Amino acid sequence: MAIGKITSMLGLLLTHPQEFRTLVQFYLFHEQKRDITSKQEHPTSGWDRESMRRCWEFLDVTSRSFAAVIKELDGDLARTICIYYLVLRGLDTIEDDMTIPDEVKQPLLRSFHEHTVTPGWQFTESGPKEKDRQLLVEYATVVEEVNLLKPEYRDVILDICAKMEVGMADYAHKAATTGSIYLSTVTEYDLYCHYVAGLVGEGLTAIWSASGKEAPWLREELGLSNSMGLLLQKTNIIRDYHEDAEEGRFFWPNEIWGKYGFNDLTELCQNDSLERATWVQSEMILDALRHACDSLDYLRLLKNQSVFVFCAIPACMAMATLALCFMNAEMFQRNIKIRKAEAAKLIMRSTNLREVAIVFREYARKIHHKAKPQDPNFLRISLMCCKEKWYEQNYPSFVILGQEGVSYDPEDKRTAVVKLEQARAHAKRYPNAAAPSSDPFPWELVTYVGGGMGIIFLLSAGIIYTIFKLYG
């Protein structure tokens with residue numbers, strides 16, 4: 001495996017040297033914030049218990065990308081979110097399993113929150129091809145750890161599980177009894193995404209507040225936490241079109257793709273329909289982008305650095321993925337994802353809100369650049385991607401932060417307004433003092449011009465003197 005990785009890196013050095021440089025920087029300078037296996041971390045990570053070690057193993061198997069950021073959360077948040085993730089992963093595995101009959105699946109889903117605190121409970125009837133089947137086979141291990149959580153954490157997890165299982169059961173029952181495998185409207189699509197992802201955001205926010213690491217009132221910001229979840233879920237649904245279509249799962253709403261002349265969602269991957277398919281793709285991405293500003297507002301409310309990074313990294317990845325998918329017909333033919341070097345760069349940049357906002361702006365501009373006039377959504381995409389109001393309101397581009405403090409871009413007209421307001425504030429505070437100098441006369445320019453003219457004069461005088469000396 002090590003040889004394969006070395007070979008891969010050497011190939012990257014020859015084909016994409018800039019990406020090779022980024023990955024080397026990441027491996028050398030991106031330090032792990034904590035080691036959950038170390039003895040001093042055992043009280044909060046639970047690594048000294050065999051059951052919790054098995055849960056950490058399940059986390060690594062089910063989601064390598066999430067596992068890394070979960071392990072860097074402060075204190076007992078890492079262990080709590082690990083268990084929260086595994087509980088919802090188990091629930092999701094049952095919902096996705098097409099081999100379980102509806103009469104079995106319905107009571108199983110609707111009582112999953114009860115099974116989650118029932119000692120010894122496990123489920124062994126998942127289909128043999130379900131990738132997370134083993135998690136349910138050994139679910140008693142997860143149950144054991146759930147019952148060891150603080151009551152305030154356990155109550156949040158069970159509450160979210162109870163809400164989510166109802167929505168999942170309703171959609172699974174509809175598909176099984178009506179034969180309809182499609183979501184009809186964008187409203188229905190939003191509701192489905194709320195059940196499977198918006199509620200996840202609601203639960204995470206409640207856990208942040210319960211931990212004391214974030215403000216108690218943060219858990220009341222349900223609209224923002226829901227938008228954060230919907231941005232991530234809709235991005236995954238868009239990116240995973242090919243994989244879902246192969247397995248007979250369809251989440252793109254008929255209200256969007258039906259208007260472009262398609263009778264079946266599988267028609268999008270046909271070669272003679274790729275242009276219209278990209279228009280459907282364009283509208284799906286447009287729908288996802290409407291949650292971007294709310295996601296930034298949610299991040300703005302977070303104060304704990306580990307919590308911020310945990311939320312910011314997937315948000316930045318989502319924007320990068322949307323930019324990759326936009327007007328990319330290959331998405332209908334194969335599974336696509338952002339490159340490792342780009343992901344590493346985003347991880348290194350997701351440390352503060354200003355940088356995250358810049359990342360959002362960069363990828364919005366990439367989407368706008370790729371937009372095509374023949375796309376029926378061209379105007380709406382252009383308007384959505386040109387919305388830099390959030391960034392300008394929170395981090396005005398004419399304000400320059402340097403080592404010597406704050407300065408202002410002299411080329412920007414807003415600088416004159418700021419200087420005028422500063423002068424007014426100074427005059428109001430010190431009515432008898434002289435106003436700070438705001439003389440617009442360009443003394444620096446005059447100095448340079450005068451110096452230049454002086455040099456020319458001296459050179460001319462020297463030339464004239466030489467001529468008279470030689471020929472006089």
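Whatever comes next refers back to the structure up there.
What you see is a predicted model; the values in this text were computed from it and never measured.

Basis of the calculations
- Residues numbered from 1 in each chain as written.
- Predicted model: local features only at pLDDT ≥ 70, side-chain atom pairs only at ≥ 80, totals over all residues.
- Heavy atoms only, no water.
- Axes fitted to C-alpha atoms, helices over the stretch in contact; angles between N-to-C directions.
- Helix = DSSP H or I, 4+ residues; strand = E, 2+ residues; numbered from the N terminus.
- Parallel < 35°, antiparallel > 145°, perpendicular 65-115°, else oblique.
- Contact = heavy atoms within 4.5 Å.
- Nonpolar A, V, L, I, M, F, W, Y, C, P; charged D, E, K, R; others polar.
- Salt bridge = Lys/Arg side-chain N within 4 Å of Asp/Glu carboxyl O.
- Buried < 20%, exposed > 50% of the residue type's maximum accessible area, 1.4 Å probe, protein only.

### Examining the packing of helix H7 (residues 102–110) against helix H11 (residues 151–178)
Now for step 1: Two numbers describe how H7 lies on H11: the axes approach to 9 Å, and their chain directions differ by 170 degrees. As judged from the angle between their axes, H7 and H11 are roughly antiparallel. Between H7 and H11, the residues in contact are Asp 102, Lys 105, Gln 106, Leu 109 and Arg 110 and Glu 165, Val 166, Met 168, Ala 169, Asp 170, Ala 172, His 173, Ala 176 and Thr 177, respectively.
Now for step 2: Grouping the amino acids of the contact of H7 with H11 by side-chain chemistry returns six nonpolar, three polar and five charged.

### As for the pattern of salt bridges
Now for step 1: Overall, the coordinates contain 23 salt bridges when judged by the stated rule.
Now for step 2: The partner of Lys 163 in a salt bridge is Glu 202, with the nearest N and O atoms 3.0 Å apart. You can see Lys 163 sitting in helix H11 and its partner Glu 202 sitting in helix H12 (residues 186–211), a full 39 residues away along the chain.
Now for step 3: A residue is classified by how much of its surface remains accessible, and Lys 163, at 33% relative accessible area, is partly exposed.
Now for step 4: By relative accessible area, which is 16% here, Glu 202 ends up buried.
Now for step 5: Its salt-bridge partner being Lys 259, residue Glu 283 comes within 3.0 Å of it at the nearest N-O pair. Here Glu 283, found in helix H16 (residues 274–289), pairs with Lys 259, found in the loop between helix H15 (254–257) and H16; they are 24 residues apart in sequence, far enough to count as distant.
Now for step 6: Here Glu 283 falls in the buried class, since its relative accessible area comes to 8%.
Now for step 7: Lys 259 gets classed as exposed once you look at its relative accessible area, which sits at 51%.

Nothing here speaks to function; it is geometry throughout.
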